[in-house]
Amino acid sequence: MKLKVLKCVLDLKEYKCLDEEKFDGVELKMITEINEEYEIKLQRALYLFNSEFNNEDRIEYHGMWDIDEAKWRLNNDNFQFWVVEYKDDIIGWGWNILDKVSIYFNNTGGLVYNPRKKEGLRKVTDIYVHKNEIYGFNLYLESKYRGNTFSKWFKSERPRRLYEMGYKKLMWHTEGWNKSAISLLRNTVGIAVEPEVLFIDD
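Positions within a chain are numbered from 1, following the residues in the order the chain's sequence is written. Thresholds applied to this predicted model are a pLDDT of at least 70 for local features of residues and 80 or more for the giving and counting of side-chain atom pairs; totals over whole chains, interfaces and linings are not thresholded and use all residues. Side-chain numbers come from the whole structure's heavy atoms, not from hydrogens or water.

Caption draft 1: Fine view of the sheet that holds strand E7 (residues 111-113). We treat two strands as partners when DSSP finds at least two bridges between them. The way it works is that DSSP assigns letters per residue, a run of H or I at least four long becomes a helix, a run of E at least two long becomes a strand, and they are numbered from the N terminus. Judged by pairing direction, the sheet is antiparallel, and its three strands sit side by side in the order E7-E6-E8 without closing on themselves. Strands at the two margins of the open sheet, each flanked by one partner only, are E7 and strand E8 (122-128). In this sheet, adjacent strand axes meet at a mean angle of 25° when their direction is disregarded. Pairing of strand E6 (residues 100-105) with E8, which is carried by six bridges, proceeds in the antiparallel orientation. Looking across to E8, one finds that Tyr104 is bridged to Lys123. Each axis is a line fitted through C-alpha atoms, and for a helix only the stretch in contact is used; angles between axes span 0 to 180 degrees, taken between their N-to-C directions.

Shown next as structure tokens:
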């Protein structure tokens with residue numbers, strides 16, 4: 001089986017968001033542990049994520065991470081977890097992988113990255129991230145903050161913070177169904193995009 005995706009590579013030094021907007025009160029934070037208080041906030045955000053899927057008449061995302069998986073990832077040196085906070089709520093997030101990326105295909109037609117549980121998943125490929133590079137996945141913003149609001153800020157601030165940390169490239173794959181992610185590629189400089197075909201084990 002074949003899956004067509006977009007392979008995206010962002011040069012963090014050259015990257016520019018030409019339609020960047022700034023907002024008061026919104027913060028991007030890198031999370032290294034989940035305490036009891038933060039777990040409650042994160043559970044609310046995950047509930048909203050799943051509710052959006054249901055409202056769009058989509059099947060529940062097979063292989064979606066949960067609190068247990070988030071804690072497992074944060075105990076693993078191969079992950080970074082960034083959250084977007086606004087008015088004391090988590091309204092978005094993004095995960096990064098620092099070294100080996102293992103990509104799997106789920107039973108709802110999407111990709112899953114470095115999963116803790118592999119039941120029902122089919123292996124696609126491994127990618128090895130070089131020094132000073134980083135691989136992004138599971139990027140999300142609550143639906144009411146997308147489009148012409150926080151999306152433009154998020155797609156500017158996250159690369160800026162990674163560049164400040166010493167990274168040179170941010171890489172990711174965008175699936176064809178993900179119109180929101182594809183729209184974020186507009187009005188940007190420093191992103192190389194090319195079609196790629198991933199081969200999935202039958």
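Having seen the model, we can carry on.
Caption draft 2: Main features of the pattern of salt bridges. What makes a salt bridge here is a side-chain nitrogen of Lys or Arg within 4 Å of a carboxyl oxygen of Asp or Glu, nothing more. Counting across every chain of the model gives 15 salt bridges. Two residues, Asp126 and Lys100, come together in a salt bridge whose shortest N-O distance is 3.7 Å. Of this pair, Asp126 sits in strand E8 while Lys100 is found in strand E6, placing the two residues 26 residues apart along the sequence. Salt-bridge contacts for Arg161 lead to Glu157; the nearest nitrogen and oxygen are separated by 3.9 Å. Of this pair, Arg161 and Glu157 both sit in helix H3 (residues 150-164), separated by four residues, roughly a single helical turn. Arg161 gets classed as partly exposed once you look at its relative accessible area, which sits at 23%. The exposure class of Glu157 is buried, given its relative accessible area of 15%. When salt bridges that share partners are traced, they join Glu20, Lys22, Glu157, Arg160 and Arg161 into one network. Here's how the labels work: a residue is buried when its accessible area is under 20% of the maximum for its type, exposed when over 50%, partly exposed in between, all with a 1.4 Å probe on protein chains only.

Caption draft 3: Representation of the packing of aromatic side chains. Ring pairs shown here join Phe, Tyr and Trp side chains whose ring centres sit within 6.5 Å, with only the six-membered ring taken for Trp; geometry is labelled stacked below 30 degrees between planes, edge-to-face above 60, and tilted in between. Evaluation of the coordinates by the stated rule reveals 17 aromatic pairs. Plain terms: the ring middles of Tyr113 and Tyr135 are 5.7 Å apart, the flat faces sit at 45° to each other, and that makes the pair tilted. With Tyr113 in strand E7 and Tyr135 in strand E9 (residues 133-141), this residue pair connects regions lying 22 residues apart in the sequence. You'll find Tyr113 and Tyr135 in the same group, each marked buried. The rings of Phe49, Trp65, Trp72, Phe79, Phe81, Trp93, Trp95, Tyr113, Tyr135, Phe137 and Tyr140 are connected pair by pair, giving a single aromatic cluster. In this structure, Arg73 is placed above the aromatic ring of Trp95, and the distance from its NZ or CZ to the ring centre is 4.6 Å. We call a charge positioned over a ring when the NZ of a Lys or the CZ of an Arg lies within 6 Å of the ring centre and within 35 degrees of the ring normal.

Caption draft 4: Expanded view of the pairing of strand E5 (residues 89-97). With eight of its nine residues buried, E5 lies for the most part within the structure. Strand direction decides the pairing type here: strand E4 (residues 79-86) and E5, joined by eight bridges, are antiparallel. By the bridge assignment, Tyr86 is partnered in E5 with Asp89. The antiparallel pairing of E4 with E5 creates a hairpin that spans two residues between the two strands, and Lys87 there sits at a positive phi of about 55°. In this sheet, E9 lies alongside E5 in antiparallel orientation, the contact comprising five bridges. For Asn96, the partnering residue across the bridge sits in E9 and is Gly136.

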